[in-house]
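# Structure assessment
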Amino acid sequence: MSAEEILSKRLAAWSAMGFDAERCPVRNVLDRIGDKWPTLILIVLAAGPKRFSALGRAVPDISKRMLTQTLRDLERDGLLTRKVFPTKPPSVEYSLTALGRSALEPMAALVEWAERRHPEIEAARARFDRDAEAA
């Protein structure tokens, strides 16, 4: 079955559900992990467990508040786990769960596609912006 056929069938199923955000996997799941911060954090954790500060260094443009919230969301979704070490002050290490690791293969395919197609997308944006300014 082609990608077009698969996606058309999925769309029909979601339409039948009324695109209910609670039951629609695109809105409920992909909306969360498809955002830039969760994606980058999952990619960083693919290399192995990291502490909060290491995650912050690996994704330098994320604020501490956003990093904290994103880690909580990913933990709530079961994609990562946190381990607290009884040190002073306590240190925390984050690692992917089996569910989180299962997201890496499709994520890798999408990342590869984005890297391969980035020049085409940038060129399309430039053409669109140029045409919009001319109009």
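Bear in mind the structure is a predicted one, so any value in this text is a computation, not a measurement. (Residues numbered from 1 in each chain as written. Predicted model: local features only at pLDDT ≥ 70, side-chain atom pairs only at ≥ 80, totals over all residues. Heavy atoms only, no water.)

### Re the overall build of the chain
The condition that has to hold: To qualify as a helix, a DSSP run of H or I must reach at least 4 residues; to qualify as a strand, a run of E must reach at least 2; elements of each kind are numbered from the N terminus. The globule rule used for comparison is 2.2 Å times the number of residues to the exponent 0.38, while the radius of gyration itself is calculated over C-alpha atoms. Working definition: with a 1.4 Å probe on protein chains only, accessible area under 20% of the residue-type maximum means buried, over 50% means exposed, and in between means partly exposed.
Of the regular secondary structure elements, the chain holds seven helices and three strands. By the compact-globule yardstick of 14 Å for 135 residues, the chain is too spread out, its C-alpha radius of gyration being 19 Å. Viewed in the frame of its principal axes, the chain has a C-alpha envelope of about 60 × 40 × 25 Å. Across the 135 residues in the chain, those meeting the buried criterion constitute 21%.

### Considering the pattern of salt bridges
To keep it simple, the criterion reads: Salt bridges are identified by distance alone: a Lys or Arg side-chain nitrogen within 4 Å of an Asp or Glu carboxyl oxygen.
Following the criterion strictly, the structure yields four salt bridges and no others. Of the charged contacts in the structure, one is a salt bridge between Arg-117 and Glu-120, with a shortest N-O distance of 2.5 Å. Pair noted here: Arg-117 and Glu-120 are both in helix α7 (residues 104-134), with a separation of three residues, about one helical turn. Under the relative-accessibility criterion, Glu-120 is labelled partly exposed at 45%. The salt bridge partner of Arg-125 is Glu-122, with a shortest N-O separation of 3.0 Å. Placement of both Arg-125 and Glu-122 in helix α7 is noted, with a separation of three residues, approximately one turn of the helix. Residue class for Arg-125 comes out partly exposed when judged on its relative accessible area of 49%. What makes Glu-122 partly exposed here is its relative accessible area of 36%.

### Quick notes on the packing of helix α3 (residues 36-45) against α7
Rule in force here: To obtain each axis, a line is fitted to C-alpha atoms, and for helices this fit is confined to the stretch in contact; angles are then taken between N-to-C directions over 0 to 180 degrees. Here the word oblique covers every angle except those under 35 degrees (roughly parallel), over 145 (roughly antiparallel) and from 65 to 115 (roughly perpendicular). When the near helix sits turned anticlockwise from the far one by under a right angle, the crossing is termed left-handed; a clockwise turn instead gives a right-handed crossing. Working rule for contacts: check all heavy atoms of both residues, and any pair within 4.5 Å makes them a contact. When residue character is reported, Ala, Val, Leu, Ile, Met, Phe, Trp, Tyr, Cys and Pro are called nonpolar, Asp, Glu, Lys and Arg charged, and the others, Gly included, polar.
It is at 11 Å that the axes of α3 and α7 come closest, and there the two elements cross at 110°. As summarised for this structure, α3 and α7 are arranged roughly perpendicular, according to the angle between their axes. Handedness of the crossing formed by α3 with α7: left-handed. Residues Thr-39, Leu-42 and Ile-43 of α3 pack against Leu-104, Met-107 and Val-111 of α7. Within the contact of α3 with α7, the residues separate by chemical class into five nonpolar, one polar and no charged.

### Remarks on the UniProt feature "domain: HTH hxlR-type" (unreviewed entry) in the chain
Put simply, the test is: UniProt positions are given in the numbering used here, feature names are shortened, and annotations may be inferred rather than shown by experiment.
Using the residue numbers shown here, the UniProt feature "domain: HTH hxlR-type" (unreviewed entry) corresponds to residues 24-122. The straight-line gap between the two end C-alpha atoms of residues 24-122 is 31 Å; of that span, 64% is helix and 14% is strand.

### Regarding the packing of α3 against helix α5 (residues 64-76)
One can describe the packing of α3 onto α5 by two numbers: an axis separation of 10 Å at closest approach and a directional angle of 75°. With respect to their mutual orientation, α3 and α5 come out roughly perpendicular. For the pair formed by α3 and α5, the contact residues are Trp-37, Pro-38, Ile-41 and Leu-42 on the first element and Met-66, Leu-67, Thr-70, Leu-71 and Leu-74 on the second. In terms of residue class, the contact of α3 with α5 is built from eight nonpolar, one polar and no charged.

### Points about the nonpolar core
In plain terms, the rule: Definition of nonpolar core: a set of buried residues of the types Ala, Val, Leu, Ile, Met, Phe, Trp, Tyr and Cys, connected through side-chain atoms within 4.5 Å.
By size, the foremost hydrophobic cluster in this structure holds 18 residues, and its most contacted members are Ile-41, Leu-42, Leu-45, Leu-55, Leu-71, Leu-74 and Tyr-94. Elements supplying a minimum of two residues to this core: α3, α5 and β3 (91-96). The element that contributes the greatest number of residues to this core is α3, accounting for five residues. Apart from the residues within four sequence positions on either side, Tyr-94 is in contact with Leu-45, Pro-49, Lys-50, Phe-52, Leu-55, Leu-71, Leu-80, Thr-81 and Arg-82.

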